[in-house]
Amino acid sequence: MSEVERPLSPHLQIYRPQLTSLLSIMHRATGVVLTLGALLWAWWLVGAAYGPEAFATVQAFLGSWFGRLLLLGFTFSLFYHLCNGVRHMLWDIGWGFDLPVLYRSGWIMLFCSIALTLLAFIAGYAMRGGS
Amino acid sequence: MSTRTPLSIAQALGSARHGGDHWWVQRLTAVALVPLTFWLAAATVSLVDADHATFTAWISTPGRAVLVLLFIFATFYHLKLGLQVVIEDYVRPRWITVTALIVNVFFCFLVGTACAFAVLKLAIGA
């Protein structure tokens with residue numbers, strides 16, 4: 001099959017990143033990261049299906065410092081992808097294409113995803129009694 | 001009338017006319033996942049310290065089991081569509097693109113089915 005050499009766009013060596021483009025590529029990046037998050041989530045469910053010992057192993061791993069670090073990354077990726085996904089839906093219905101609005105919705109989305117991540121972790125630590 | 005030859009269309013040099021469907025189902029699954037994710041995230045936080053019995057009891061009610069199954073279906077459908085676009089955009093040469101696209105579908109079916117089976121086993125077998 002013939003492979004046509006087409007020019008690449010954007011030309012990353014001379015392209016100046018802005019908030020809009022960084023948030024856009026972050027949507028993809030968090031989407032790919034969430035594939036790994038889905039695998040971890042699947043391990044949790046399948047572990048439970050295998051029985052108490054397997055589930056305890058998964059819970060112990062998730063409770064370790066490395067497990068918590070992974071969960072922090074996946075939780076932020078999840079809320080980022082969700083909030084920016086809502087931003088995408090608003091664009092789909094034709095809202096928010098003016099440049100000032102685009103920047104404002106970007107900052108709001110970023111704030112919401114960080115706030116939701118913190119909220120989830122604070123609630124999680126409260127559930128464990130602070131440990 | 002198109003000036004394109006049937007051969008040029010068959011060699012994947014143009015639209016396969018499936019783009020609209022891909023776009024639409026990606027949005028549909030996204031819309032479904034917004035409330036499902038908020039619900040499941042809250043539930044997961046409440047289960048951070050759960051042992052096996054607590055977790056099984058939680059997932060065994062029909063309502064929760066069905067919602068988790070819906071979450072699994074929407075997630076892995078959405079994941080398949082999203083990864084597909086990433087692969088099509090970045091993975092070269094062509095034979096690796098096609099291989100990755102096939103692996104993507106198998107991966108999503110495998111992990112999605114495993115998750116769904118786990119939910120069913122816990123909910124029904126408990």
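Residues numbered from 1 in each chain as written. Chains lettered and ligands numbered in written order. Predicted model: local features only at pLDDT ≥ 70, side-chain atom pairs only at ≥ 80, totals over all residues.

Regarding the overall build of chain B
Part 1 of the argument: Counting its secondary structure elements, chain B contains five helices and zero strands.
Part 2 of the argument: In sequence order, chain B lays out its α and β elements as α-α-α-α-α.
Part 3 of the argument: Whereas a compact globule of 126 residues would reach a radius of gyration of roughly 14 Å, chain B reaches 20 Å, over 25% beyond that.
Part 4 of the argument: The principal-axis extent of the C-alpha atoms belonging to chain B is close to 65 × 25 × 25 Å.
Part 5 of the argument: Counting every position in chain B, which comprises 126 residues, the buried fraction comes to 17%.
Part 6 of the argument: Put simply, of all contacts in chain B between residues at least 6 apart along the chain, 71% involve residues at least 24 apart. (Helix = DSSP H or I, 4+ residues; strand = E, 2+ residues; numbered from the N terminus. Rg over C-alpha atoms; globule rule 2.2 N^0.38 Å. Buried ≥ 20, exposed ≤ 12 C-beta atoms within 10 Å, placed from the backbone. Contact = placed C-beta atoms within 7 Å.)

Re the interface of chain B and chain A
Part 1 of the argument: With 27 residues of chain B at the interface, the matching set in chain A holds 27 residues.
Part 2 of the argument: Those elements giving two or more residues to the side of chain B that touches chain A turn out to be helix H2 (19-46), helix H3 (52-59), helix H4 (62-90) and helix H5 (94-125) of chain B.
Part 3 of the argument: It is H5(B) that provides the largest number of residues to the side of chain B that touches chain A, a total of nine residues.

What to know about the packing of H2(B) against H4(B)
All names here are of chain B.
Part 1 of the argument: Taken N-terminus to C-terminus, the directions of H2 and H4 make an angle of 140°; their axes are 9 Å apart at the nearest point. In terms of their interaxial angle, H2 and H4 are classed as oblique. As H2 runs across H4, the sense of the crossing is left-handed. Residues His22, Val25, Gln26, Thr29, Ala30, Ala32, Leu33, Leu36, Trp39 and Leu40 of H2 form the contact with H4, whose participating residues are Leu67, Leu70, Phe71, Ala74, Thr75, Tyr77, His78 and Leu81.
Part 2 of the argument: Of the residues in the contact of H2 with H4, the class split is 13 nonpolar, five polar and no charged. (Axes fitted to C-alpha atoms, helices over the stretch in contact; angles between N-to-C directions. Parallel < 35°, antiparallel > 145°, perpendicular 65-115°, else oblique. Left-handed = near helix turned anticlockwise from the far one by under 90°. Nonpolar A, V, L, I, M, F, W, Y, C, P; charged D, E, K, R; others polar.)

Topic: the environment of Thr20(A)
Residues and elements named next belong to chain A.
Part 1 of the argument: Inspection of the secondary structure assignment puts Thr20 in helix H1 (residues 19-50).
Part 2 of the argument: Judged by local crowding, Thr20 falls into the exposed class, with 12 C-beta atoms found within 10 Å.
Part 3 of the argument: The spacing of Thr20 and Gly106 is 86 residues in sequence and 7.1 Å in space, taken between C-alpha atoms.

Focus on H4(B)
Part 1 of the argument: The terminal C-alpha atoms of H4(B), which comprises 29 residues, lie 42 Å apart, in line with the 42 Å expected from a rise of 1.5 Å per residue.
Part 2 of the argument: Looking at the buried residues of H4(B), the elements they touch are H1 of chain A together with H2, H3 and H5 of chain B. (Expected span 1.5 Å × (residues − 1).)

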